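Descriptive structure summary
Okay, here's what each chain looks like letter by letter:
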Amino acid sequence: MTVIIRIALAILFVDNAVVGLWNAIWPASFYANFPTVDLTPPFSEHYARDFGTASLAIALLLGIAAVKPKAHFVIPAAAAYSIFGVPHFFYHLANMENATVGEAVLLTTGNAAVALVGLVIILLTVLRDRRAARLGFAPAPAAH
C-alpha cells in the first residue's frame, strides 16, 4: 500500500510543483496558456504569484511525504493539498457559465480526480497503519 501512497503523493507533488513554478515565475504565461484559466475573473499578477508560491509550499510537503511516507508526514501533506483541492473543485463546478462542453468535462473530471487523490492518500495511510498495528507491526521510531 505504501507504493500506491508514494505514487499518489508524487502525482500531486509534480502537479503542484509545475503549476506553482509556472505561476510564481511566469504568471501571465500561465493565465494565457493553461487550459480553462481564462474562464475565471481577470488576470492578477499578485494573486497568480501568491497561488504559485502557495502551490510550491504544498509541493514541498508532498515531496517530503513521498520520500518519507510516515503518517506524520503524509496526512498533513495530503490534508494541506485537500484543503486547496476540494474547494477548488467546487469553485469550478459552480462557475462553468463560459465553458464549452469539453472545458466543463475537463474541469470537472480533472479537478475531481486530484481532489479525490488527496483524500484517498489520507484514507490509505490510515488503513495501512491500522493494518500494521493489528498485525503487530509497530511503526519504526522517527529519527531525531
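In this report, the structure presented in the accompanying data block is examined. Because the structure is a prediction, the values reported are computed rather than measured. (Residues numbered from 1 in each chain as written. Predicted model: local features only at pLDDT ≥ 70, side-chain atom pairs only at ≥ 80, totals over all residues. Heavy atoms only, no water.)

1. A word on the environment of A79
By the secondary structure assignment, A79 is in helix α4 (residues 71-94). On the basis of relative accessibility, which here comes to 26%, the residue A79 falls in the partly exposed class. Separated by 43 residues in sequence, A79 and I122 have C-alpha atoms that sit 7.4 Å apart. (Helix = DSSP H or I, 4+ residues; strand = E, 2+ residues; numbered from the N terminus. Buried < 20%, exposed > 50% of the residue type's maximum accessible area, 1.4 Å probe, protein only.)

2. Topic: the nonpolar core
Core analysis: the biggest nonpolar cluster contains 14 residues, and I5, L9, L62, V74 and I121 have the highest contact counts within it. Looking at this core, the elements that each hand over two or more residues are α1 (2-25), α3 (45-67), α4 and α5 (101-134). Each residue touching L62, except ones within four places of it in the same chain, is listed here: L9, L12, F13, N16, A77, A78 and Y81. (Core = buried A, V, L, I, M, F, W, Y, C linked by side-chain atoms within 4.5 Å. Contact = heavy atoms within 4.5 Å.)

3. Remarks on the packing of α1 against α3
Relative orientation of the contacting elements α1 and α3 amounts to 155 degrees, with a least axis distance of 7 Å. As the angle between them shows, α1 and α3 are arranged roughly antiparallel. As α1 packs across α3, the resulting crossing turns out to be left-handed. The class makeup of the residues in the contact of α1 with α3 is 18 nonpolar, seven polar and two charged. (Axes fitted to C-alpha atoms, helices over the stretch in contact; angles between N-to-C directions. Parallel < 35°, antiparallel > 145°, perpendicular 65-115°, else oblique. Left-handed = near helix turned anticlockwise from the far one by under 90°. Nonpolar A, V, L, I, M, F, W, Y, C, P; charged D, E, K, R; others polar.)

4. Re α3
Taking 1.5 Å of rise per residue, the 23 residues of α3 would be expected to cover 33 Å, and the 33 Å separating its terminal C-alpha atoms lies within 8% of that figure. Residues of α3 that are buried include every one of A48, G52, S55, I58, A59, L62, G63, A65 and A66, and no others. Contact partners of the buried residues in α3: α1, α2 (27-33) and α4. (Expected span 1.5 Å × (residues − 1).)

5. Re the packing of α1 against α5
α5 packs onto α1 with a crossing angle of 150 degrees between their chain directions and a minimal axis gap of 10 Å. Classified by the angle between their axes, α1 and α5 sit roughly antiparallel to one another. Seen from above, α1 lies across α5 with left-handed handedness. Contacts between α1 and α5 involve T2, I4, I5, A8, L9 and L12 from the first element and V114, V117, G118, I121, L124, T125 and R128 from the second. Residues belonging to the contact of α1 with α5 are distributed by class as follows: nine nonpolar, three polar and one charged.

6. A few points about the packing of aromatic side chains
The description of an aromatic ring pair rests on the distance of the ring centres and on the angle between the ring planes. Summed over all chains, the structure comprises seven aromatic pairs. Measuring from centroid to centroid gives 5.9 Å for W22 and F34, while their planes differ by 70 degrees, and the two rings are edge-to-face. Of the two residues, W22 sits in helix α1 while F34 sits in the loop between α2 and α3, which places them twelve residues apart along the sequence. Residue classification places F34 among the partly exposed positions, given a relative accessible area of 31%. Considering the side-chain rings of Y81 and F84, the 5.8 Å spacing of their centres and the 70 degrees angle between planes classify their relative orientation as edge-to-face. Taken as a pair, Y81 and F84 lie in helix α4 at a separation of three residues, close to a single helical turn. Taking the relative accessible area as the measure of exposure, Y81 reaches 1% and is therefore buried. According to the relative accessible area criterion, F84 is partly exposed, its value standing at 24%. Among the aromatic residues, those joined into a cluster by ring pairs are W22, F30 and F34. (Phe/Tyr/Trp six-rings, centres within 6.5 Å; stacked < 30°, edge-to-face > 60°.)

7. Some thoughts on the pattern of salt bridges
For the coordinates displayed, the defined rule picks out two salt bridges. A salt bridge links R49 to E45, with the shortest nitrogen-to-oxygen separation between them at 2.7 Å. Highlighted residues: R49 and E45, both in helix α3, separated by four residues, approximately one helical turn. A salt bridge links R128 to D129, with the nearest nitrogen and oxygen atoms 2.8 Å apart. (Salt bridge = Lys/Arg side-chain N within 4 Å of Asp/Glu carboxyl O.)

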